[in-house]
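# Observations on the model geometry
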Amino acid sequence: MRPAREKDRRSCLCRKHVETQIVFKDCMKFRKAVCRRNGLDAVVPSTLTEEVNLTLCLKPEGQSHHSLKCLTRECSECGVSKFELLPEEVSEGSMEEVTWKRYEYVGTGKFLSNGQEKKKIALVTKMTSPRELFQYFEDLLKHYPYHSFMAKWQRKQMENLIEHLPSNEVVCVHDYSEGYSCRQQDELQSEYFDVAKVSLHITILYRHAVESVDGKVSTENDPQIVKEHLFVISDDDVQDYDAVHKAQELITGYLKNQLHMRISKLHEFTDGCVAQYKSRHYIGDLSCCLADHGFLVQRNFLETSHAKGEQGAAGANVKQKVSNAVLRKTAVIRNAKDKKEFLEENFSTPATPTFASRSKAVGLARRIFFYVPPEGDNAVVRRRPDRAFKELKGIRKLHCVKTTPEQGRIFTRRRSCYCLDCIGGEEENCTNKEWLDDWQDVKLERESAAARTRQVVEETEANLLDTAVRIADLAAKDSVVAIAAANDPDYDYYLMKVASDGLVELDEPTTDDYGCTFP
């Protein structure tokens, strides 16, 4: 027996899967009660999968997936209508009420500067008629099969590519970890209110073994796959597509300069975060990969809420290593550079580094750490005027982007495919054509300098307002806050009591009794 711990918490779960499961159980609970009460012998599926299969046609013979038309609810032979409801479940005049749960956005009691109330998602208990419960479940069932299929499909393509990786290609799985706060074991009061934040970009790199580095050679007959964890650590906590581009540059430099590998193509798998991996600017940036990196890139987006994996565990692992060292007073981590140096010295080599052939699981060989300074020649370069692109329609539905030698020209798809024929470059013989759409040839247009300047101003104003709103939310009325004291030889901070309830916008510049002017 052991008590529950914080690390036992299940987090980063998919809303569609969790909510559909919760509502399904509430529906079946009601149906069982009706059947017992009225002596009915209705179908009561025991699992959500069984319920979903009732609304789909049978899988084609020899296939592991349902037809794409069935999954997208475009088939005339199946659909949510095949989920037969009892009269008690559809009656409009029923006086009976049922208690069930669903996710909704609820008010927090805090308001933005425009008067709108801030909201957050929460699991809400509802008490409605059975009809409303089952209607909501039917709405969930419309989208659930395709979402579940896409989550498994994209993950399966990644696994198949890694297992049959061509000799001159590499695979990168990218993600940002939650920022690390540089706290100390013995922390002064002023340090507590001024915590440095460090960003951590993680890449799981799969490549073929290089004899000069790994002591083994990967051949076509005996492939040796090496897995490495690459970490880009920076004091710059802005996690945007410019920071991702910098991480790509560092990875490219590692492959070329340290491993001396000649790469023809790099395959990436990421989530669909708009700010980092799936914005029009970043996809336009990606189209210039041949000039930037010297090889083509194919980026694959994992299904929404299903991009978590080893990369998240890798980030948590290094942060835990640093936190333990700080608590034991064996290290002092004040910034990103300190963190990088500590990890490089103490955490580069895993306990049991391993390699693998295609018939075995790939073990971790080593950890590589990069440091990006907040300013200087090696810092993240932002506001690159030649890398601003116009809108790309339908971008949220794309799950695969393939670059070409021509800048600004890409091919897009709604699903990825890494069957053996596609991996070998013979896409005309693809075995998964039934579940794939055709490649779309897309020409990306660059934004004008004036449009880009206007966007930068709007983004800056939005960021300033967002920062002010978040600070105002923390500083509630009658709370005491610490304000940094500028040019005061006696005090680092002033303690002040908050007089207003929420954010106050000034109509004109104001000077207070201490001589401080507020715009």
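See the structure above.
Notes on the structure in this doc start here. Only a predicted model underlies this, so the values are computations on that prediction, with no experimental measurement involved. Along every chain, residues carry numbers that run from 1 in the direction the sequence is written. Given that the model is predicted, a residue must reach a pLDDT of at least 70 before its local features are reported, and side-chain atom pairs must reach 80 or more before they are shown or counted; all residues, however, enter totals for whole chains, interfaces and linings. The side-chain numbers reported here are obtained from all heavy atoms of the structure, hydrogens and water having been left aside.

Right, let's talk about the packing of helix 1 (residues 15–38) against helix 5 (residues 130–163) for a bit. Inter-axis angles, ranging from 0 to 180 degrees, are taken between N-to-C directions of lines fitted to C-alpha atoms, where helices are fitted over the stretch in contact. Going along the chain from the N terminus, every DSSP run of H or I of four or more residues is numbered as a helix, and every run of E of two or more is numbered as a strand. For the pair helix 1 and helix 5, the least separation of the axes is 9 Å and the interaxial angle reads 140°. By the angle between their directions, the pair helix 1 and helix 5 is classed as oblique. Between helix 1 and helix 5 lies a crossing whose hand is left-handed. Only Pro-130, Leu-133, Phe-134, Tyr-136, Phe-137, Leu-140, His-143, Tyr-144, His-147 and Ser-148 of helix 5 make contact with helix 1, whose side of the interface consists of Arg-15, Lys-16, His-17, Glu-19, Thr-20, Val-23, Phe-24, Asp-26, Cys-27 and Phe-30. Among the residues making up the contact of helix 1 with helix 5, the classes are represented as 11 nonpolar, 5 polar and 4 charged. Small angles under 35 degrees read as roughly parallel and large ones over 145 as roughly antiparallel, with 65 to 115 read as roughly perpendicular and the rest as oblique. By definition, turning the near helix anticlockwise from the far helix through less than a right angle yields a left-handed crossing, and turning it clockwise yields a right-handed one. The contact definition used throughout considers only heavy atoms, calling two residues in contact when any of these lie within 4.5 Å. Each residue receives one of three labels: charged for Asp, Glu, Lys and Arg, nonpolar for Ala, Val, Leu, Ile, Met, Phe, Trp, Tyr, Cys and Pro, and polar for the others, Gly being one of them.

A pairing counts as a salt bridge when a side-chain nitrogen of Lys or Arg comes within 4 Å of a carboxyl oxygen of Asp or Glu. All chains considered together, the criterion is met by 30 salt bridges. For Glu-92, the salt bridge identified is with Arg-131, shortest N-O distance 3.5 Å. With Glu-92 in the loop between helix 4 (87–90) and strand 1 (98–111) and Arg-131 in helix 5, this pair connects stretches of sequence that are 39 residues apart.

The next point concerns a nonpolar patch on the surface. A contiguous nonpolar surface patch, about 390 Å² in accessible area, is contributed by Ile-483, Tyr-491, Tyr-494 and Met-496. Mapping Tyr-491 onto the fold places it in the loop between strand 12 (480–484) and strand 13 (493–497). Patches were defined on residues exceeding 30% relative accessible area and lacking a salt bridge, with like-charge contacts within 9 Å and nonpolar side-chain contacts (Val, Leu, Ile, Met, Phe, Trp, Tyr) within 5 Å. To measure how exposed things are, a 1.4 Å probe is used in the Shrake-Rupley method; for residues, cover is taken only from the protein chains shown.

Counting buried positions along strand 4 (residues 197–208) yields 11 of 12 residues, so the element is predominantly enclosed. Strands pair, by our definition, only if DSSP identifies at least two bridges between them. Across 9 bridges, the pairing between strand 3 (residues 169–181) and strand 4 is antiparallel. Among the inter-strand pairings, Tyr-180 is bridged to a residue of strand 4, identified as Val-198. In the sheet, strand 4 pairs with strand 5 (residues 225–234) via 10 bridges, with the strands oriented antiparallel. Paired with Leu-205 across the bridge in strand 5 is Glu-228. Buried, partly exposed and exposed residues are distinguished by accessible area as a fraction of the type maximum, computed with a 1.4 Å probe on protein chains only: under 20%, between the cut-offs, and over 50%, respectively.

Another point: helix 5. Taking 1.5 Å of rise per residue, 34 residues should cover 50 Å, and helix 5 covers 49 Å from first to last C-alpha, within 8% of that figure. Axes are fitted to the seven residues ending at a residue and to the seven starting at it; the angle between these axes is taken as the bend at that residue. In helix 5, a bend of some 35° at Tyr-144 exceeds every other bend along the element, and Pro-145, a proline, comes one to four places later. Here the expected span of a helix is defined as 1.5 Å times the quantity of residues minus one.

Our next topic: the pairing of strand 8 (residues 364–372). Among the 9 residues in strand 8, 8 count as buried, and that is most of the element. Looking at chain direction, strand 5 and strand 8 are connected through 8 bridges and run parallel. Across the sheet, Glu-228 pairs through a bridge with Arg-366, a residue of strand 8.

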